[in-house]
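Structural overview for review
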Amino acid sequence: MPGHTENEITVNAPLDLVWDMTNDLENWPQLFSEYASVDVLERQGDTTTFRLTMHPDENGKVWSWVSERTPDRNSRTVRARRVETGPFQHMDIHWEYSEVPGGTRMRWRQDFAMKPDAPVDDDWMTDNINRNSKIQLALIRDKIEQRDRQSRGVAARAN
């Protein structure tokens, strides 16, 4: 059965800041703890094709793949998919942003299936994505909230 995950977090910061920071692909290695580098390969309209490279895993293996990502600020959504699927038959990602009391809710939904010869199955990958998404979302929240506090402090001192 294909894998499906949904994870979300509320960031105590304005939607524009959350949107801008999480859609600044070149800055993802500073936002996510798992990415070593992002290389933009092509921009066509609103769609960006890019290579993500992770830090080495516990066995020293470096994972890398090509994805494409299309943000739509009007609908406050982002659609992404792996172009180089690696062990996945497919990997589709949908991000949603909404203003809520207390800030901005960011929600990640991932739909995927592992190839039959992949080293792990759909259930294992579902658990792995859910576990890691919680870690990454918390890191992202903390970094955005820190940036928001810093910018408010600068604005307050300027007045």
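The model shown is predicted, which means the values in this text are computed figures rather than measured ones.

This part covers the pattern of salt bridges. With the rule as written, the count across this model stands at 12 salt bridges. A salt bridge links Asp-16 to Arg-73, with the nearest nitrogen and oxygen atoms 2.9 Å apart. Here Asp-16 is found in helix α1 (residues 15-22), whereas its partner Arg-73 is found in the loop between β4 (64-72) and β5 (77-82), with 57 residues between them in sequence. Notably, a salt bridge pairs Arg-81 with Glu-68, separated by 3.0 Å at the nearest N-O pair. Pair noted here: Arg-81 is in strand β5 and Glu-68 is in strand β4, with a separation of 13 residues, a long-range link. Taking the relative accessible area as the measure of exposure, Arg-81 reaches 37% and is therefore partly exposed. Through salt bridges with shared partners, one network takes in Glu-6, Glu-96, Arg-107 and Arg-109.

Turning to the side chain of Glu-34, a few remarks are in order. Following the sequence through the fold, Glu-34 ends up in the loop between α2 (28-31) and β2 (35-44). Of the buried charged residues, Glu-34 lacks a salt bridge, with Arg-82 as the closest side chain of opposite charge at 8.3 Å. Polar side-chain contacts of Glu-34 include one of 2.6 Å to the side chain of Asn-132. The contacts of Glu-34, once residues within four sequence positions are left out, are Met-54, His-55, Asn-132 and Gln-136.

In this section: the side chain of Ser-67. Structurally, Ser-67 is set in strand β4. A polar contact is formed between the side chain of Ser-67 and the side chain of Trp-65, at a distance of 3.2 Å.

Excluding glycine, residues mostly carry a negative phi; peptide bonds, for their part, are mostly trans. Positive phi is not limited to glycine here, since Arg-76 has a value of about 60°. Structurally, Arg-76 is set in the loop between β4 and β5.

Position of Arg-51 among the secondary structure elements: in strand β3 (residues 47-54). Here the alpha-carbon distance between Arg-51 and Tyr-35, two residues 16 residues apart in the chain, equals 10 Å. Not counting residues up to four positions away in its chain, the partners in contact with Arg-51 are Ser-37, Val-38, Asp-39, Leu-41, Ser-64, Trp-65, Val-66 and Glu-84. Side-chain polar atoms of Arg-51 contact the side chain of Glu-84, separated by 2.9 Å.

Next up on the list: the sheet that holds β5. The strand order across the open sheet formed by seven strands is β1-β7-β6-β5-β4-β3-β2, and the pairing between neighbours is antiparallel. Two strands in the sheet have a free side with no partner beyond their single neighbour: β1 (3-11) and β2. The mean angle between the axes of side-by-side strands here comes to 20°, regardless of whether they run parallel or antiparallel. Across the sheet, α1 lies against β1, β4, β5, β6 (88-100) and β7 (103-114), angled at about 155° from β6, the strand it touches most.

This part takes up the pairing of β1. Only one face of β1 is buried, namely the one carrying Gly-3, Thr-5, Asn-7, Ile-9 and Val-11, since none of His-4, Glu-6, Glu-8 and Thr-10 on the opposite face is buried. Across nine bridges, the pairing between β1 and β7 is antiparallel. Residue Gly-3 lies in a different strand from β7, and its bridge partner there is Phe-112.

The subject of this paragraph is the packing of aromatic side chains. Any aromatic ring pair is given by two values, namely how distant the centres are and how the planes are angled relative to each other. Here the structure, examined in full by the defined rule, presents 11 aromatic pairs. Consider the rings of Trp-28 and Trp-95, whose centres lie 6.0 Å apart with planes at 5°: the pair is stacked. Of this pair, Trp-28 sits in helix α2 while Trp-95 sits in strand β6, and the two are 67 residues apart along the sequence. One exposure class covers both Trp-28 and Trp-95, and it is buried. Ring pairs connect the aromatic residues Trp-19, Trp-28, Phe-32, Tyr-35, Phe-50, Trp-65, Trp-95, Tyr-97 and Trp-108, which therefore count as one cluster. One residue, Lys-61, lies across the ring of Trp-63, its end atom 4.6 Å from the ring centre. For the cation-ring pair, Arg-82 lies above Trp-65, with the distance from its terminal atom to the ring centre recorded as 3.8 Å.

Cut-offs and rules
Residues numbered from 1 in each chain as written. Predicted model: local features only at pLDDT ≥ 70, side-chain atom pairs only at ≥ 80, totals over all residues. Heavy atoms only, no water. Salt bridge = Lys/Arg side-chain N within 4 Å of Asp/Glu carboxyl O. Helix = DSSP H or I, 4+ residues; strand = E, 2+ residues; numbered from the N terminus. Buried < 20%, exposed > 50% of the residue type's maximum accessible area, 1.4 Å probe, protein only. Lys, Arg positive; Asp, Glu negative; His and termini not counted. Polar contact = N/O pair within 3.5 Å; in protein donor to acceptor, adjacent residues only side chain to side chain. Contact = heavy atoms within 4.5 Å. Pairing = 2+ DSSP bridges. Axes fitted to C-alpha atoms, helices over the stretch in contact; angles between N-to-C directions. Phe/Tyr/Trp six-rings, centres within 6.5 Å; stacked < 30°, edge-to-face > 60°. Lys NZ or Arg CZ within 6 Å of the ring centre and 35° of its normal.

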